[in-house]
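As a plain string of letters, each chain reads:
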Amino acid sequence: MLDLRTLECRTSVRTTVVGGRIGIRIGIGGREIVEDRVRVVIAEDSVLLREGLTRLLTDRGHDVVAGVGDAEALVKTIADLDAQGELPDVVVADVRMPPTHTDEGVRAAVRLRKAHPGLGVLVLSQYVEERYATELLAGSSRGVGYLLKDRVAEVREFVDAVVRVAEGGTALDPEVVAQLLGRSRKQDVLAGLTPREREVLGLMAEGRTNSAIARQLVVSDGAVEKHVSNIFLKLGLAPSDGDHRRVLAVLTYLNS
Amino acid sequence: MGKTPAPRRRRTPWPGDPRRTTLELRLNRRRDEENGTESMATEYGHGYGYGEEQSAGTGHRLPPALRAPFEARSWREFGYVLLSLPLSIVLFTWTVTMASLGAGLLVTFLGVPVLAAALAGCRGFGALERARARGLLRLEVAEPEPLRMRKPGALAWMGAVLKSGTSWRNLLYTLVQFPWAVFSFSVAVSLWTMGWTLLTYPLWFWVFPAYAGQGGIQLYGDEHHSVYLDNPFEITVTALVGLLFTLATPWIVRALTTVDGLMVRGLLGPSPLSARVVELESDRGVVVDTAAADLRRIERDLHDGAQARLVTLAMDLGLAKEKLHEDPQAAARMVDEAHGEVKTALQELRDLARGIHPAVLTDRGLDAALSSVASRCTVPVRVEVDLPARPAPAIEGIAYFTVSELLQNISKHSRARSAAVDVWRAADRLMLQVTDDGVGGADASRGSGLAGLAGRLDAVDGVLVVDSPAGGPTRVIAELPWRT
């Protein structure tokens, strides 16, 4: 069973759907064999956290190419790496960094996404703001993540999110999604969804694939597909195949 | 540096300010209001920055008494008196004419506008007079409060002009200044001309025998007897008397213009009440700013400290959880590290809580709280708190943080071997003194923590005085209202 899904996902990684954790590695006898090493640059001013993140990602078999302490250094490092033809797959950046300790991380992320469309950017913060999410997602939801720092506690899920973003997927924090859902002016339409459909909508907005949603809710892929098409029907959205386009459609809908 | 004796300190924001009282006089320090900073004790003795011009050309060999007639300052003051008369005539005429016209017309609808015009004119003259005093007497008088108009329009403007106390005080100035200007003009011009005339008498006494048919100036004369100043002795004495007058005139003129200065300051400047309002407004700004800054600091401390540590901790525990089955030994090591992290996080939270408000201060008051602060200082600190009762909680808090900050400064910068904290009550003031035997050179004006402290104290009508000559020792005294 493992083998089949792995194969399926490994092929899908480079096409459209990102397979999530099962696509990344196979556990054999307690030892992990890394299938797809992701190259990461970490920007975080707290040395403690930077080292923690590095340890966590390295432990999962990924490459931490560089760790920097502020936004300027981040942009410069990425430019240098790009010049050498070694652009990393994903940047994990803190929102608040020196010198002003405000939203340097978000601004640097937006700049990087413009300059390097292939680069995944995962922004971490002590608190999430729907406004920052909107700024990050402006234009495209390809390779964007925005998570609470607390999420690093769930090591697996966090590493999954990093990999997902690295491979062009989306990872939005459930809190951002909750804010979007709560703030949306289309409450009457949302009220028309069944509780299960709302749950699926939330997970979809977080950037998860159908199979990941199925695993989370412990239902079959078919059931999720049915929910998804129902949701799209009720919201009056055109069904779309690509996950990240789907996320964007949902977010645009909620934000409008 | 030649200093003329006449100028005095003149920089309290308003004369009745209760804050600039005992402490300042006792320590003979001053606050430099013009720079908006707490001036330091170390600069005492550098002069008052007022009336210190050097007399042109005469050098410093002459004593001030002999130099005065040639000093630029004397000439400016004399010029002020000369200008006063024509100006005061204009002002007085304007006021008397317009005010009586306005008052006479009050029964018709014309009275009020005329009266308003009279007052507006007085305000304009007031501005002119302030400028004249600033230019010639070097007297800095702040603008009075502007007109407060609720809504635009000519009617509202008239109402505002008529209701403004400043307008009426300016009107009073034009009335009071006139007789004084006449008096001081007469005195100054008579003394000045007489002085120079008599002083130069030896140069022109020959005019009398040559053209007037007499020996010299006639001092006394009737049909039988006349006294003329014609022999060399009399001429010399005359010249000496002239010299005395010439030397005395500048001081007399200075005394006269001092009265002018008082009038300008008292009647054309901002009223004490409005000065106090301006001061309170700025104090309120400081309070709001410091409160916001404190909140930002606390948020920053939480964000960078405990929160970051807890995130790392969560991450470590997450990793350990994953490892639990695969590699129990590694997991145990991680849990161990996480345990250490928790303890550090707790410590940081405790420090942060103490930084917001120490519990012991609420429970036991300043004595216990200051002892606790002192015990964390890197140098031995003697603490003596002699208070009959506890002051208001807000005052206690400010006193605590003042001492805490000062002790931190001592730890960081002073290189002191010992320090002492004294707290006592003097009438309705809470007094703090923090001394150390370190290197000194502390300066509140250089945007340091001391400036922040001074601002905080100022906001509750407190005073901070720093006496810290280079080489030490340093003594900082703070005075706070008691407010039970």
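**Let's talk about the interface of chain A and chain B**
In this complex, chain A contributes 22 residues to the contact, which on the side of chain B involves 19 residues. Taken together, both faces of the contact between chain A and chain B bury some 1900 Å²; the carbon and sulfur share is 54%. Contact with chain B buries area across many residues of chain A, yet Leu48, Arg96 and Gln126 of chain A alone supply 31% of it, more than any other trio. At the junction of chain A and chain B, the tally comes to six salt bridges. If you look at where chain A meets chain B, you find six residue pairs in polar contact (both at pLDDT 80 or more).

**Concerning the confidence of the model for chain A**
Note that predicted coordinates carrying low pLDDT should not be read in detail. Residues and elements named next belong to chain A. Scored by pLDDT, chain A has a mean of 80; 83% of the residues are at 70 or more. Taken element by element, the predicted model of chain A shows its lowest mean pLDDT in helix α2 (residues 21–24) (37) and its highest in strand β3 (residues 39–43) (94). In the model, residues 1–34 has pLDDT below 50 throughout and makes 45 contacts with residues more than four positions away in sequence or in other chains.

**Some remarks on a nonpolar patch on the surface**
All names here are of chain B. On the surface, Val96, Leu172, Leu175 and Val176 cluster together to form a nonpolar patch covering roughly 270 Å² of accessible area. Examining the composition of the nonpolar patch, we find that three residues originate from one element, helix α6 (residues 165–199), more than from any other. Tracing the sequence through the fold places Val96 in helix α3 (residues 72–104).

**Regarding unusual backbone geometry**
Of the consecutive residues Pro98 of chain A and Pro99 of chain A, the connecting peptide bond is found in the cis state with omega at 5 degrees. Inspection of the secondary structure assignment puts Pro99 of chain A in the loop between β5 (90–94) and α5 (104–115). Backbone geometry at Val218 of chain A places phi at a positive 55 degrees, although glycine is not the residue there. By the element assignment, Val218 of chain A lies in the loop between α11 (210–217) and α12 (221–235). Residue classification places Val218 of chain A among the exposed residues on the basis of a relative accessible area of 71%. Despite not being glycine, Arg415 of chain B has its phi angle at roughly 55 degrees, a positive value. Assignment of secondary structure puts Arg415 of chain B in the loop between α14 (393–414) and β4 (419–426).

**Here we look at the environment of Leu105 of chain B**
All names here are of chain B. Here Leu105 lies in the loop between α3 and α4 (111–136). Residue class for Leu105 comes out partly exposed when judged on its relative accessible area of 25%. For the pair Leu105 and Leu115, spaced ten residues apart in sequence, the C-alpha separation works out to 9.0 Å. Not counting residues up to four positions away in its chain, the partners in contact with Leu105 are Leu110, Gly111 and Val114.

**As for the environment of Glu341 of chain B**
With respect to the helices, strands and loops of the structure, Glu341 of chain B is situated in helix α11 (residues 328–356). Counting along the chain gives 27 residues from Glu341 of chain B to Ala314 of chain B, while the straight-line C-alpha distance between them is 9.9 Å. Residues within four places of Glu341 of chain B in sequence aside, it is in contact with Leu48 of chain A together with Arg309, Thr312, Leu313 and Asp316 of chain B.

**Structural notes on the sheet that holds strand β5 (residues 429–436) of chain B**
By way of backbone hydrogen bonds, the strands of a sheet pair with one another, either parallel or antiparallel. Residue and element names in this part refer to chain B. Across the sheet, which stays open at both edges, the five strands sit in the order β3-β4-β5-β7-β6 with mixed pairing between neighbours. Each end of this open sheet is capped by a strand with a single partner; those strands are β3 (381–386) and β6 (463–467). Within the sheet, the average angular offset between the axes of one strand and its neighbour, ignoring direction, is 10 degrees. Strand direction decides the pairing type here: β3 and β4, joined by six bridges, are parallel. The residue bridging Asp386 from the neighbouring strand is Trp424, located in β4.

**A short note on the packing of aromatic side chains**
Residues and elements named next belong to chain B. Enumeration according to the criterion identifies ten aromatic pairs over all chains in this entry. Judged by centre distance (5.2 Å) and plane angle (80 degrees), the rings of Tyr201 and Trp204 are edge-to-face. Placement of the pair is Tyr201 and Trp204 together in helix α7 (residues 201–204), with a separation of three residues, close to one helical turn. A relative accessible area of 0% means that Tyr201 is categorised as buried. Ring centres of Trp204 and Phe208 lie 6.0 Å apart, and the angle between their planes is 40 degrees; on these two criteria the pair is classed as tilted. Take Trp204: its relative accessible area is 25%, and that puts it in the partly exposed class. Take Phe208: its relative accessible area is 16%, and that puts it in the buried class. Put simply, the rings of Trp75, Phe78, Trp192 and Trp196 touch in pairs and so form one group of aromatic residues. Over the ring of Tyr80 we find Arg132; its NZ or CZ atom is 4.0 Å from the centre of that ring. The side chain of Arg425 reaches across the aromatic face of Trp482, ending 4.0 Å from its centre.

**Re the side chain of Asn210 of chain A**
All names here are of chain A. Structurally, the position occupied by Asn210 is in helix α11. Judged by relative accessible area, which is 18%, Asn210 ranks as buried. Residues within four places of Asn210 in sequence aside, it is in contact with Val224, Glu225, Val228 and Arg246.

**A closer look at the pattern of salt bridges**
Taken as a whole and assessed by the stated rule, the structure comprises 34 salt bridges over all chains. Where Glu157 of chain A meets Arg208 of chain A, a salt bridge forms, and the shortest distance between an N and an O atom there is 3.7 Å. Pair noted here: Glu157 of chain A is in helix α7 (residues 155–166) and Arg208 of chain A is in the loop between α10 (195–206) and α11, with a separation of 51 residues, a long-range link. The exposure class of Arg208 of chain A is buried, given its relative accessible area of 14%. When the shortest N-O distance is used, the salt bridge between Arg73 of chain B and Glu77 of chain B registers 3.2 Å. With Arg73 of chain B and Glu77 of chain B both in helix α3, this residue pair falls four residues apart, about one helical turn.

Procedures and definitions
Residues numbered from 1 in each chain as written. Chains lettered and ligands numbered in written order. Predicted model: local features only at pLDDT ≥ 70, side-chain atom pairs only at ≥ 80, totals over all residues. Heavy atoms only, no water. Contact = heavy atoms within 4.5 Å. Buried area = accessible area lost by both parts, 1.4 Å probe. Salt bridge = Lys/Arg side-chain N within 4 Å of Asp/Glu carboxyl O. Polar contact = N/O pair within 3.5 Å; in protein donor to acceptor, adjacent residues only side chain to side chain. pLDDT = per-residue confidence, 0-100. Helix = DSSP H or I, 4+ residues; strand = E, 2+ residues; numbered from the N terminus. Patch = residues over 30% accessible without salt bridge, like charges linked within 9 Å, V, L, I, M, F, W, Y side chains within 5 Å. Areas by Shrake-Rupley, 256 points an atom, 1.4 Å probe, with all protein chains shown as cover. Buried < 20%, exposed > 50% of the residue type's maximum accessible area, 1.4 Å probe, protein only. Pairing = 2+ DSSP bridges. Axes fitted to C-alpha atoms, helices over the stretch in contact; angles between N-to-C directions. Phe/Tyr/Trp six-rings, centres within 6.5 Å; stacked < 30°, edge-to-face > 60°. Lys NZ or Arg CZ within 6 Å of the ring centre and 35° of its normal.

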